Amino acid sequence: MISDRTSGSPVENLISLPLEPLLTRDYETDPALVHERLRAMYGPVAPVDLLGVPVWFASGYDEVLHVMQNHGDVWSKRVDNWRAYAEGRVPADWPLLSLMAADNSGFHDGDRHRRLRGVWDEGLRPFQTTGSGQALRLERAMLRFCDDLIGVITEDGPSGQMDLVVQYGRPFPLLVANHLLGVALERGEEMVADHWRLLDGPDSAGAYQRLYAALLELATLKRHRRGDDLPSHMLDADASLTDEELARELLMLAGFLDFTGSLICNVIVEVVTNPGMRETVSVGAIEETVNRVALLNPALANLTFRYARTDVRLGRFVIAAGDPVMLSVSGAHADPRFASALRDTIRSTRAHLAWGAGPHRCPSRRLATQMATIAVRRLLDRFSSLQLAVPADRLSWRPSPFIRTPRSLPVAYRLDQSSVPAPGPRQEAGAGPSPAAEDGGDARPRPGLLAFLRKLRRRQ
Ligand code: HEM
């Protein structure tokens, strides 16, 4: 053990500590139980085993916020600063390695991070500016996507049972992705399947390659033929951005939209298990519910690693230079110190970390919140009854190191017949480009979309 010159406390050697496996049955069923056990044994930072690799797990609110905000000098997101990785002690087939080693803004520091991050800020700006043409078209397209999904769900009749994860929460962001990317749907379907594999394994490396190839093709297309879409606005933001850089950045998009789908599903759980919510379906109330769920059950529960650049104290330990720290947003929100500050209104519910903080803070929180608000609002507008078809405590949750959301959401429904939108000309098979074209989204034959959505219905 080497002493830490600043505080004289011994620098902990992660691999010599007893490590608790993090991703256990308990963690899948109720992560809060595991967080509390780790907090009781080790305080706000604990040594854990993550799929066979030792990491520090930070679940203290102040500690997580500190690491997020003190990025760059002490904390790095570059995998090269992970001592075990640099010394070849991380297995090449470790399921999360291709994600941690990704070469995009999410995993860079300093100038390189600022440059790539700037491209996102500028690329997303038109879609997040209230009243802009892009934002209004996107909002209209989102409403149409919700109605398309509901149309397919209720094709067999105004009442029945559906799986709101497979048939609504997860496909909705896929349709928004196609609108933002300006790509055709069929290409989108394969991209979602590969994205699930990228985040949850297995074959995350294969999924990474396939997604990258699809996005590289798109980047080259947009370089030569701009559209009113995200890739084009990102290219306009920085002329030096290469097709490869853009493709690597866009590779993250599918992931973020999966977080959004997960947030939507978590809000739906909140709404269908609290019938009182139905009375207050105003946008404001739903947006507040989205914020509350981001606090109580954050979709992105744990974040990718930070690596200590120097020996540094965090919680009760001095972390050795080169050690990885996994930041737990859901653990931080359950930190009794934060929870009591909330209760005593010392902190507002907006002080949560669901969108991160510091230089890597989410640049798309407005868009993601709007997507969740519109998707949930439309569901409550269109259905007069939504009942969970299983007891809430029997819901099964996706086994993921990062995401917290139900695997499926069986719900018995009754359509509000007065809410069915009037069919438009766009429904005609073989018809020319439909009014949807003016939405800038993929307006080619709607039958393709319907076929894709029906396939989802058969999956449940
Ligand atoms: C519910 C949905 C979402 C959640 C919970 C979420 C949350 C987050 C969080 C916590 C981070 C910081 C990660 C870190 O510090 O390691 C982040 C970063 C980021 N998010 Fe989001 N996000 C969501 C949706 C989106 C969407 C829809 C987009 C794009 C359209 C997006 C784009 C980004 C980008 C580009 C970064 C990286 C920023 C950087 O590293 O500087 N996110 N997001």
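Here the structure is a predicted model, which means the values were calculated and not measured. (Residues numbered from 1 in each chain as written. Predicted model: local features only at pLDDT ≥ 70, side-chain atom pairs only at ≥ 80, totals over all residues. Heavy atoms only, no water.)

Chemist: Is there a simple way to think about the sheet that holds strand S12 (residues 410–415) in this case?
Modeler: Two modes of strand pairing occur in sheets, parallel and antiparallel, and in both the strands are linked by backbone hydrogen bonds. Strand order in this open sheet of three strands is S6-S12-S11, and the pairing throughout is antiparallel. Lying at the two open borders of the sheet, with one neighbouring strand each, are strand S6 (159–163) and strand S11 (383–388). Taking each pair of neighbouring strands and ignoring which way they run, the sheet shows an average axis angle of 25 degrees. As judged from the five bridges shared by S6 and S12, these two strands associate in the antiparallel manner. (Pairing = 2+ DSSP bridges. Helix = DSSP H or I, 4+ residues; strand = E, 2+ residues; numbered from the N terminus. Axes fitted to C-alpha atoms, helices over the stretch in contact; angles between N-to-C directions.)

Chemist: For this particular structure, what's the right way to read the sheet that holds strand S1 (residues 11–12)?
Modeler: A sheet is described by the order of its strands in space; here three strands give the open sequence S1-S9-S8, paired in mixed fashion. The open sheet has two edge strands with one neighbour each: S1 and strand S8 (312–314). Where S1 meets strand S9 (residues 317–319), two bridges bridge the pair, whose relative direction is parallel. Paired with Val-11 across the two strands is Val-318, which belongs to S9.

Chemist: Even after reading the chapter, I still don't get the site of the ligand, so can you show me in this structure?
Modeler: As a structural note, the neighbourhood of the ligand is formed by 25 residues, with Lys-77, His-113, Arg-306, His-360 and Cys-362 the closest of them. Within the contact set of the ligand, an oxygen atom lies 2.6 Å away from a side-chain nitrogen or oxygen of His-113. Within the contact set of the ligand, an oxygen atom lies 2.8 Å away from a side-chain nitrogen or oxygen of Arg-306. Elements that contribute at least two residues to the shell around the ligand include exactly helix H6 (110–128), helix H13 (243–272) and strand S7 (302–308). The dominant element in the shell around the ligand, judged by the number of residues it contributes, is H13, at six residues. Per-class residue counts for the shell around the ligand are 15 nonpolar, seven polar and three charged. Residues lining the shell around the ligand come from more than one domain, with at least three contributed by each of domain 1 (1–102 + 301–353) and domain 2 (129–297 + 357–460). (Near = heavy atom within 4 Å. Polar contact = N/O pair within 3.5 Å; in protein donor to acceptor, adjacent residues only side chain to side chain. Nonpolar A, V, L, I, M, F, W, Y, C, P; charged D, E, K, R; others polar. Domains from an automatic or database assignment.)

These figures come from the coordinates and say nothing about function on their own.
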